[in-house]
Amino acid sequence: MSLTAGIVGLPNVGKSTLFNAITNKNILAANYPFATIEPNVGIVTVPDDRLDFLNNLYKPKNLVPTTFEFTDIAGLVKGASLGEGLGNQFLSHIREVDAIVEVVRCFEDGNIIHVEGKVDPIRDVEIINVELMLADLEVVENRIGRIGKKAAMTRDKEIQKEVEILTKAKESLEKNIPLRRVTFNDEELETLKHFNFLTIKPIIYMANVSEEDLIENNNQHVETLRNYAKEENAKVIVVSAKIESELSELEPEEKTEFLNDLGIKESGLDCLIKETYDLLGLATYFTAGQDECRAWTFKRGMKAPECAGIIHSDFEKGFIKAEVMSFEDLKKLGNELKVKEAGKLRLEGKEYLMKDGDICLFRFNV
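Numbering of residues starts from 1 in every chain and runs along the sequence as written. pLDDT decides what is reported in this predicted model: residues at 70 or higher carry local features, side-chain atom pairs at 80 or more are listed and counted, and totals for whole chains, interfaces and linings draw on all residues regardless. Hydrogens and water are ignored here; the side-chain numbers use all heavy atoms of the structure.

(A) Structural context of the pairing of strand 10 (residues 319-326). With a 1.4 Å probe rolled over the protein chains alone, any residue whose accessible area is under 20% of its type maximum counts as buried; one over 50% counts as exposed, and the rest are partly exposed. Only DSSP runs of H or I covering at least 4 residues are called helices, and only runs of E covering at least 2 are called strands; the numbering of each starts at the N terminus. Summarising burial for strand 10: 6 of the 8 residues are buried, a large majority. DSSP calls a pair of strands paired once it identifies at least 2 bridges connecting them. As defined by bridge partners, strand 10 adjoins strand 12 (residues 358-364) across 7 bridges and the pair is classed as antiparallel. Within the sheet, the bridge partner assigned to Val 324 lies in strand 12 and is Cys 360. As paired strands, strand 10 and strand 11 (residues 346-348) are joined by 3 bridges and run antiparallel to one another. If you follow Val 324 over to strand 11, its bridge partner there is Arg 346.

(B) Representation of the side chain of Thr 276. Looking at the secondary structure, you find Thr 276 in helix 11 (residues 268-279). We classify Thr 276 as buried; its relative accessible area is 0%. Pairs of N or O atoms within 3.5 Å make up the polar contacts considered here, provided that, within protein, one atom can donate a hydrogen while the other can accept it, and that residues adjacent in sequence are counted only when both atoms are side-chain atoms. A distance of 2.7 Å separates the side chain of Thr 276 from the backbone oxygen of Leu 272, its partner in a polar contact.

(C) Fine view of the sheet that holds strand 5 (residues 99-105). Spatially, the 6 strands line up as an open sheet ordered 2-4-1-5-6-7, and their pairing is mixed. Two strands bound the open sheet, and with one partner strand each, they are strand 2 (40-45) and strand 7 (235-239). Each strand of the sheet is rotated relative to its neighbour by a mean of 25°, with strand direction disregarded. By the bridge criterion, 4 bridges tie strand 1 (residues 4-8) to strand 4 (residues 67-72) in an arrangement that is parallel. When the bridges of strand 4 are listed, Ala 5 appears paired with Phe 70. Note on method: axes are straight lines fitted to C-alpha atoms, helices fitted across the in-contact stretch only, with angles between N-to-C directions ranging 0 to 180 degrees.

(D) The nonpolar core, seen in detail. Counting 59 residues, the largest nonpolar core has Phe 68, Phe 70, Ile 94, Tyr 205, Met 206, Leu 225 and Leu 272 as its most contacted members. The dominant element in this core, judged by the number of residues it contributes, is helix 4 (residues 121-154), at 6 residues. Throughout, a contact is declared for two residues whenever any of their heavy atoms are within 4.5 Å. Dropping the residues within four chain positions of it, Met 206 is found in contact with Leu 18, Val 101, Glu 102, Val 103, Val 104, Ile 237, Val 239, Leu 269 and Leu 272. Residue types Ala, Val, Leu, Ile, Met, Phe, Trp, Tyr and Cys, when buried and joined through side-chain atoms within 4.5 Å, form a set referred to as a nonpolar core. Ranked by size, the runner-up nonpolar core spans 15 residues in total, among them Ala 283, Phe 319, Tyr 352 and Met 354.

(E) Layout of the side chain of Asp 72. By the secondary structure assignment, Asp 72 is in strand 4. Classification of Asp 72 by relative accessible area gives buried; the value is 0%. A polar side-chain atom of Asp 72 sits 3.2 Å from a polar atom in the side chain of Ser 16.

(F) Fine view of the packing of helix 4 against helix 8 (residues 220-230). Between helix 4 and helix 8, whose axes approach to 9 Å, the crossing angle comes to 40°. With respect to each other, helix 4 and helix 8 are oriented oblique. Judged by residue contacts, Pro 121, Ile 122, Val 125, Glu 126 and Asn 129 of helix 4 engage His 221, Thr 224, Leu 225 and Tyr 228 from helix 8. Classification convention: Asp, Glu, Lys, Arg as charged; Ala, Val, Leu, Ile, Met, Phe, Trp, Tyr, Cys, Pro as nonpolar; all other residues, Gly among them, as polar. Here the contact of helix 4 with helix 8 is composed, by residue class, of 5 nonpolar, 3 polar and 1 charged. Geometric relationships in this document are graded by angle, where less than 35 degrees denotes roughly parallel, more than 145 denotes roughly antiparallel, 65 to 115 denotes roughly perpendicular, and other angles denote oblique.

(G) Expanded view of the pattern of salt bridges. Whenever a carboxyl oxygen of Asp or Glu lies within 4 Å of a side-chain nitrogen of Lys or Arg, that contact is scored as a salt bridge. In total, this model carries 22 salt bridges according to the counting rule given. Residues Arg 50 and Asp 356 are paired through a salt bridge, measuring 2.9 Å at the closest nitrogen-oxygen approach. Taken together, the residues span a long stretch of sequence, with Arg 50 in helix 2 (residues 49-58) and Asp 356 in the loop between strand 11 and strand 12 at a distance of 306 residues. Residue classification places Arg 50 among the buried residues on the basis of a relative accessible area of 17%. Judged by relative accessible area, Asp 356 falls into the partly exposed class, the value being 35%.

(H) Spatial organisation of helix 2. When helix 2 is considered as a whole, its buried residues turn out to be Arg 50, Leu 51, Leu 54 and Tyr 58. What you see down the axis of helix 2 is that its buried residues fit within an arc of 100°, all on one side. Residues of helix 2 that are exposed and point more than 90 degrees away from the buried face comprise Asp 49 and Asn 56. Taken from the residues just after helix 2, Lys 59 is the one with a positive phi, measuring 45°. In this description, the arc belongs to the directions extending from the helix axis to the C-beta atoms.

(I) Summary view of the packing of aromatic side chains. What counts as a ring pair is set by centres within 6.5 Å for rings of Phe, Tyr and Trp (its six-membered ring), and what kind of pair is set by the plane angle: stacked under 30 degrees, edge-to-face over 60, tilted for all other angles. The final tally for this structure, using the stated rule, is 11 aromatic pairs. Ring geometry for Phe 195 versus Phe 197: centroids 5.5 Å apart, planes at 20°, classification stacked. With 5.9 Å between their ring centres and 50° between their planes, Tyr 285 and Phe 298 make a pair best called tilted. Of this pair, Tyr 285 sits in strand 8 (residues 282-287) while Phe 298 sits in strand 9 (residues 292-299); the two residues are 13 residues apart in sequence, bridging distant segments of the chain. What makes Tyr 285 buried here is its relative accessible area of 0%.

(J) Looking closely at the environment of Asn 233. Within the element layout of this structure, Asn 233 appears in the loop between helix 8 and strand 7. Asn 233 sits 53 residues away from Arg 180 along the chain, and the two C-alpha atoms are 9.7 Å apart.

Honestly, it's all geometry; don't read function into it.
Dropping the structure here:
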């Protein structure tokens, strides 16, 4: 599965610093707008304690975690939809991602320039929202302009339906309502999918705070952002770019010790990876044995043959059955033999909907 979350935000909010920490890449992180122009793509592993358990149980030659892709997109500015600050280029990069992670500055620091003069998270969020909505509105109006007369003249039901759906989207955008806040049925979503609208993409807000505020967990900017995010059922993840940058340079044991010293259970970036994975409706199944234990990403709702095809297209073409046991059963009972003896190892066919934590052996014949 190749799905990507795009990291966006105004310039100088900490995007590139956080991206560096996520991927351990040393990209340019400068204290002025447009330090990052081309999007930077990084592959990160998805934290999963279940894979550690499988590793201890099977002691395989290879251990392969599942991965997720983040794209760092250069800072947007007011007027981006009109081409300001290389805006059209940046907007096109956002169109290519599946979900948006919006980094919002929630820290005060006179040494770091804020493009709008002072820290105000809601203003910053709305600047970006407006630019994305204006870009979507332009797409809607252009399309309606092209097919509106044809719909009226030919009375083609398909075209008329498309105009109705686009008009619904247009009315929302004109009221400054992002499309992700609008209720669309499955048919409407199928039509809208072809336009790759920016404001329909799922979103997570990432509040970047100071080290002190993260430890004390007392930041009014964060509370304001949380209240705003509730309106669209979005989550807010609180991070300190400075701390995450330090954590990224540590070994796993040192990282755990550092977090414990700070009184933090989980790093903000580990939390971000998990939440973004969940936001996109992704889940994990495993293949396990002495040669290799591996985690595989799949989209919730996929059937067994489709999931087999993630490993190799031949597995899907020649799919016969899948031997499946749940991770929870394996952990509870201790080993594969006891799972079989307890009758918990199942043979599933082509209509089986895969579940998060399934451990599979696919039978196929090509």
